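Chains, contacts and geometry: an overview
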Amino acid sequence: MKSEARRRGPLGRFWGHLTTITYHKWLVFCYCRRLGLWRQGLAHDLSKYSPAEFWPGVKYFQGNRSPNDAQRKAEGCSTAWLHHKGRNRHHMEYWIDYSTGSDAPLSGMRMPEKYVAEMFCDRLAACQNYNGAAYKDSDAYDYYMRSRSHYVMHPQTQALLEKLLIMLRDEGQPATFAYI
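Here we summarise the structure given alongside this text. All of these numbers come straight from a predicted model, not from anything done at the bench. (Residues numbered from 1 in each chain as written. Predicted model: local features only at pLDDT ≥ 70, side-chain atom pairs only at ≥ 80, totals over all residues. Heavy atoms only, no water.)

1. Quick look at the overall build of the chain
Within the chain, the secondary structure is distributed over ten helices and two strands. Overall, the chain shows an N-to-C arrangement of helices and strands of α-α-α-α-α-α-β-β-α-α-α-α. The globule rule puts the C-alpha radius of gyration for 180 residues at 16 Å, and the 16 Å found for the chain is close to it. With respect to the principal axes defined by its C-alpha atoms, the chain has extents near 50 × 40 × 30 Å. Here the analysis covers contacts within the chain between residues at least 6 apart in sequence; of these, 59% occur between residues at least 24 apart. A total of about 10100 Å² of accessible surface is found on the chain, and carbon and sulfur atoms cover 56% of it. Computed over 25 positive and 17 negative side-chain charges, the inter-centroid distance for the chain is 6 Å. (Helix = DSSP H or I, 4+ residues; strand = E, 2+ residues; numbered from the N terminus. Rg over C-alpha atoms; globule rule 2.2 N^0.38 Å. Contact = heavy atoms within 4.5 Å. Areas by Shrake-Rupley, 256 points an atom, 1.4 Å probe, with all protein chains shown as cover. Lys, Arg positive; Asp, Glu negative; His and termini not counted. Charge placed at Lys NZ, Arg CZ, Asp CG, Glu CD.)

2. Structural notes on helix 9 (residues 155-171)
Across its 17 residues, helix 9 extends 23 Å between first and last C-alpha, which sits within 8% of the 24 Å expected from 1.5 Å per residue. Tucked inside the fold, the buried residues of helix 9 contact helix 7 (113-131), helix 8 (139-147) and helix 10 (173-179). Looking at the residues trailing helix 9, positive phi occurs at Gly 172, about 90 degrees. (Expected span 1.5 Å × (residues − 1).)

3. Observations concerning the pattern of salt bridges
Applying the stated criterion across every chain, the model contains seven salt bridges. Here Lys 59 makes a salt bridge to Glu 75, at a shortest N to O gap of 3.9 Å. Here the residue Lys 59 occupies a position in helix 4 (residues 51-59), and Glu 75 occupies one in helix 5 (residues 67-75), the gap between them amounting to 16 residues. Owing to a relative accessible area of 41%, Glu 75 belongs among the partly exposed residues under this scheme. Two residues, Arg 169 and Asp 170, come together in a salt bridge whose shortest N-O distance is 2.6 Å. (Salt bridge = Lys/Arg side-chain N within 4 Å of Asp/Glu carboxyl O. Buried < 20%, exposed > 50% of the residue type's maximum accessible area, 1.4 Å probe, protein only.)

4. With respect to a nonpolar patch on the surface
A contiguous nonpolar patch, built from Tyr 98, Leu 106 and Val 152 and spanning about 310 Å² of accessible area, is present on the exposed surface. Here Tyr 98 shows up in strand 1 (residues 96-98). Taking relative accessible area as the criterion, Tyr 98 reaches 66% and is therefore assigned exposed. (Patch = residues over 30% accessible without salt bridge, like charges linked within 9 Å, V, L, I, M, F, W, Y side chains within 5 Å.)

5. Comments concerning the layout of surface pockets
Roughly 1100 Å³ of volume is contained in the largest pocket. Together, 40 residues line the largest pocket, and Ser 66, Asn 68, Asp 69, Trp 81 and Tyr 143 are the ones closest to its centre. Put simply, the parts of the chain that give the lining of the largest pocket at least two residues each are helix 2 (10-34), helix 4, helix 5, helix 6 (79-85), helix 7 and helix 8. Residue contributions to the lining of the largest pocket peak at eight residues, all from helix 7. Each residue belonging to the lining of the largest pocket can be placed in one class, and the counts come to 14 nonpolar, 14 polar and twelve charged. (1 Å grid on protein atoms, 1.4 Å probe; cavity = no way out; pocket = protein on both sides within 12 Å on 5 of 7 lines; lining within 4 Å. Points joined across faces, edges and corners; volume = space filled by probe spheres on them. Nonpolar A, V, L, I, M, F, W, Y, C, P; charged D, E, K, R; others polar.)

6. A short note on the nonpolar core
Tyr 31, Met 111, Phe 120, Cys 121, Leu 124, Leu 161 and Leu 165 are the most contacted members of the largest nonpolar core, which totals 28 residues. Elements with a contribution of two residues or more to this core: helix 2, helix 7, helix 8 and helix 9. For Met 111, the contacting residues outside a window of four places in its chain are Arg 89, His 90, His 91, Met 92, Trp 95, Val 116, Met 119 and Thr 157. (Core = buried A, V, L, I, M, F, W, Y, C linked by side-chain atoms within 4.5 Å.)

7. As for the packing of helix 2 against helix 7
Contact pair helix 2 / helix 7: the axes reach a minimum separation of 9 Å and the direction vectors enclose 135 degrees. It follows from the interaxial angle that helix 2 and helix 7 lie oblique. In this structure, the crossing between helix 2 and helix 7 has a hand that is right-handed. Residues Thr 20, Tyr 23, His 24, Leu 27, Val 28, Tyr 31 and Cys 32 of helix 2 form the contact with helix 7, whose own contacting residues are Glu 118, Cys 121, Asp 122, Leu 124, Ala 125, Ala 126, Gln 128, Asn 129 and Tyr 130. Taken together, the residues that form the contact of helix 2 with helix 7 break down as ten nonpolar, four polar and two charged. (Axes fitted to C-alpha atoms, helices over the stretch in contact; angles between N-to-C directions. Parallel < 35°, antiparallel > 145°, perpendicular 65-115°, else oblique. Left-handed = near helix turned anticlockwise from the far one by under 90°.)

Right, dumping it as structure tokens:
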């Protein structure tokens, strides 16, 4: 269905993007609510409905992956992503600052655990949304590992996120949500 929306032109991309982000937001809300983070779940990704993020999302909608990647490829950067990461604390990129050490110019700041939990929910929901019926509990871990080498993340934040993704992969959702 998502690929059909792309073939229908601008209106199909509009509805396809709107339904994709709304379903993603719904999944994250459900997961955050399970963790007692209902306010975070309600506020999750509201910036995706802002013109700065929504219209590039419509223009580059593909249905099976983030439109930010397509915008980045076409334009050299994703203005939607730059807007998004600066407004949403559940993204590790929100927590990057200049380093006080001499080993690297930038470093990841430690994320509060409630935002690591939301980041976990976000990754889980994104994999379920884009993979559909083919989703497996190992998908979020596999996706993370493909990009891990270039992440700038605080070691404790990274260790916690990896622990949760491994637990999801190996023990499933019920055990992971119970742990969180």
